[in-house]
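This is what each chain is made of:
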Amino acid sequence: MTRTPGIRIPDLNGKLAVVTGASDGIGSVIASRLAEAGAEVVMPVRSSAKGDAAADRIRREIPDAAVSTRALDLSSLDSVTALTGSLVSEGRPIHILINNAGVMTPPNRQLTKDGFELQFGTNHLGHFALTLGLLPLLRQGRARVTHQTSIAARSGGINWSDLNWENDYDGMKAYVQSKIAVGLFARELDARSRREGWGISSNLSHPGVSPTNLLAAQPALGRAREVGGRRVIRMLSRIGIAGTPASAALPALMAATDPDARGDEFYGPKRVMSGPPARRNLWAPLTAMDAARRVWDESERLIGAQIAGSLPL
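What you see is a predicted model, and the numbers here were worked out from it, not measured in a lab. The numbering scheme is per chain: residues are counted from 1 as the chain's sequence reads. Reporting of local features is limited, given that this is a predicted model, to residues whose pLDDT is at least 70; pairs of side-chain atoms are given and counted only at 80 or more, and all residues count toward the totals for whole chains, interfaces and linings. Computation of side-chain values: all heavy atoms of the structure, hydrogens and water removed.

Student: Any details on the pattern of salt bridges? Residues and values, ideally.
Tutor: Within this document, salt bridges are pairs made up of a side-chain nitrogen of Lys or Arg and a carboxyl oxygen of Asp or Glu, the two lying within 4 Å of each other. Tallied over the full model, the rule gives 13 salt bridges. A salt bridge links glutamate 40 to arginine 92, with the nearest nitrogen and oxygen atoms 2.7 Å apart. With glutamate 40 in strand E4 (residues 40-45) and arginine 92 in the loop between helix H3 (77-90) and strand E6 (96-99), this pair connects stretches of sequence that are 52 residues apart. Judged by its relative accessible area of 37%, arginine 92 falls in the partly exposed class. For glutamate 298, the salt bridge identified is with arginine 301, shortest N-O distance 2.7 Å. Placement of both glutamate 298 and arginine 301 in helix H10 (residues 289-303) is noted, with a separation of 3 residues, approximately one turn of the helix. Counting from the N terminus, the helices are the DSSP runs of H or I reaching at least four residues and the strands are the DSSP runs of E reaching at least two. Only protein chains enter the calculation, and the probe is 1.4 Å; a residue is then buried if its accessible area is under 20% of its type maximum, exposed if over 50%, and partly exposed in between.

This is the structure:
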């Protein structure tokens, strides 16, 4: 049992974990704690330089850590397919998948390489395709899949008539939609696994609020300087109202590793913004299973034949 402040992670020796968004921030903490508990951790990353630096940092902190990086751009279905194809060809069961990566509020509407609105395409559709592509390995490992949503998903909804925000783009509303879709997909994945006997469990978590790079200056997103709210978050983190990347990683770690955690459960900090991780009640936008089924069906339609061969029929 590995003692991480706030939770206890069981011995993960012999387990294979895949964590997206592990090159910095919350994802890097998650990968580090899993490696410390003995898991072999695969870190799919968009930037090889950032990924290699993060893996080296984990190895310095945990000398016997088994971590490696793979190339993954969640905004490209070709990239997702290449990664899933490579891992499936290796044939190693996956025991933990944490869909943690994301982008947030580009000031102007941007598209993925496949023509989807960037946040919906990256945060949800990219992870949808990744998870379905890995289903054979997840089933072999009787995996737990944890999906990282956001406190932005406490209210709002899915823009069903314009999922790609072609009209009246609103960066925050599009972000909210993407994170609600993440949560609804998590629930429908668990429901289908139970119904079809896939043997995996799917749950969701949210990290609260912490000073990560989501709101930092990101020229690739068209953001030349950090969002003003990030300075406020740093201040709130210093006085203990908001969390830190280390504390914000705990709900996902609990959801993914706690022996008592189950599928279709929701984990987050007790005070919403920060605090010890605990099981939480679902927020209203995440409660409707008819919406969860519709998200799955619409997502499958949007990404089409690229995932058809991955579905466990």
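Student: Can you lay out the packing of helix H6 (residues 171-196) against H10 for me, pointing to particular residues and giving the numbers?
Tutor: Relative to each other, H6 and H10 sit at 95 degrees, their axes nearing to 8 Å. Between H6 and H10, the angle falls in the class roughly perpendicular. Contact residues: Ala181, Leu184, Phe185, Arg187, Glu188, Leu189, Ala191 and Arg192 in H6; Met289, Ala291, Ala292, Arg293, Val295, Trp296 and Asp297 in H10. As a working rule, the residues Ala, Val, Leu, Ile, Met, Phe, Trp, Tyr, Cys and Pro are called nonpolar, Asp, Glu, Lys and Arg charged, and the rest polar, with Gly in that last group. A class-by-class count of the residues in the contact of H6 with H10 yields 10 nonpolar, no polar and 5 charged. Each axis is a line fitted through C-alpha atoms, taken for helices only over the stretch in contact, and angles between the N-to-C directions span 0 to 180 degrees. Roughly parallel means an angle under 35 degrees; roughly antiparallel means over 145; roughly perpendicular covers 65 to 115; every other angle is labelled oblique. We call two residues in contact when some of their heavy atoms are within 4.5 Å.

Student: Explain the sheet that holds strand E7 (residues 144-148) residue by residue, including any values.
Tutor: By the convention used here, strands pair only if DSSP detects at least 2 bridges between them. What the 8 strands build is an open sheet, ordered E5-E4-E3-E6-E7-E8-E9-E10; its pairing is mixed. Every other strand in the sheet has two partners, leaving strand E5 (66-71) and strand E10 (277-280) as the edge strands with one partner each. Across the sheet, the mean angle separating the axes of adjacent strands is 25 degrees when strand polarity is ignored. Pairing between strand E3 (residues 16-19) and E4: 3 bridges, direction parallel. Bridge assignment links leucine 16 to a residue of E4, and that residue is glutamate 40. Along the sheet, helix H2 (residues 48-61) contacts E4 and E5; its crossing angle with E5, the most-contacted strand, is approximately 175 degrees.

Student: Please provide a residue-by-residue account of the environment of threonine 287, values included.
Tutor: With respect to the helices and strands, the residue threonine 287 is situated in the loop between E10 and H10. Since its relative accessible area comes to 43%, threonine 287 is described here as partly exposed. For the pair threonine 287 and leucine 184, spaced 103 residues apart in sequence, the C-alpha to C-alpha distance is 8.0 Å. Excluding residues within four positions of it along the chain, threonine 287 makes contact with Arg187 and Leu282. Polar contact criterion, stated in full: a pair of N or O atoms within 3.5 Å, where within protein one must be able to donate a hydrogen and the other to accept it, and residues adjacent in sequence count only if both atoms are side-chain atoms. In terms of polar contacts, threonine 287 uses its side chain to reach the backbone carbonyl oxygen of alanine 284, at 2.7 Å.

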